[in-house]
Amino acid sequence: MPADSFAELLLQLRKKTGRTQEQQAEAINAVSGRDTMTRRETNRYEHGENIPTNHTLGHIAVACGLPPEALRGRRQPPAPGGGRRGAVKGRTWTT
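Please read all numbers here as calculations on a predicted model, not as lab measurements.

Thoughts on the pattern of salt bridges
Point 1. Enumeration over the complete set of coordinates arrives at 3 salt bridges.
Point 2. The salt bridge involving R14 is made with E46; its shortest N-O contact spans 2.6 Å. Here E46 lies in helix α3 (residues 39–46) and R14 lies in helix α1 (residues 5–17), a separation of 32 residues in the sequence. The pair R14 / E46 is uniform in exposure class, with both members buried.

Considerations on the nonpolar core
Point 1. Core analysis: the largest hydrophobic core is formed by 14 residues, its most contacted members being L10, I28, M37, Y45, L57, I60 and L71.
Point 2. When residues of this core are traced back to their parent elements, those giving at least two are α1, α2 (21–32) and α4 (54–63).
Point 3. The biggest single contributor to this core is α4, with 4 residues.
Point 4. I60 has contacts with L10, Q24, I28, Y45, P52 and L71, leaving out every residue within four places of it along the chain.

Things to note about the environment of E41
Point 1. Here E41 is to be found in helix α3.
Point 2. Judged by relative accessible area, E41 falls into the buried class, the value being 14%.
Point 3. A C-alpha to C-alpha distance of 9.0 Å links E41 and Q21, two positions 20 residues apart in sequence.

Regarding the packing of α2 against α4
Each packed pair of helices is defined by two parameters, the angle between the axes and the distance between the axes.
Point 1. For the pair α2 and α4, the least separation of the axes is 8 Å and the interaxial angle reads 110 degrees. Considering the angle they form, α2 stands roughly perpendicular to α4. On α4, the residues that touch Q24, A27, I28, V31 and S32 of α2 are H59, I60, V62 and A63.
Point 2. The class makeup of the residues in the contact of α2 with α4 is 6 nonpolar, 3 polar and no charged.

Cut-offs used in this document
- Residues numbered from 1 in each chain as written.
- Predicted model: local features only at pLDDT ≥ 70, side-chain atom pairs only at ≥ 80, totals over all residues.
- Heavy atoms only, no water.
- Salt bridge = Lys/Arg side-chain N within 4 Å of Asp/Glu carboxyl O.
- Helix = DSSP H or I, 4+ residues; strand = E, 2+ residues; numbered from the N terminus.
- Buried < 20%, exposed > 50% of the residue type's maximum accessible area, 1.4 Å probe, protein only.
- Core = buried A, V, L, I, M, F, W, Y, C linked by side-chain atoms within 4.5 Å.
- Contact = heavy atoms within 4.5 Å.
- Axes fitted to C-alpha atoms, helices over the stretch in contact; angles between N-to-C directions.
- Parallel < 35°, antiparallel > 145°, perpendicular 65-115°, else oblique.
- Nonpolar A, V, L, I, M, F, W, Y, C, P; charged D, E, K, R; others polar.

Structure below.
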């Protein structure tokens, strides 16, 4: 179950395309031209355990048939004391 509404949005976008997490990772890699996205990372995004960078969000959006800017700026920082696992220290959050 997704931890927050942004994670839920990423999950719903993937499901709308009818892809598995593995297929979603492959689609994101095809857009980015790199083989860095994995099924596990897709899972972490969909469960709120990690938050993609704005650069990666552009690739996710395009892989789902959206304009690159569609997801940028929609992610939220973890709530204070929320204990979001995998949050990166020193990351600048956009709201």
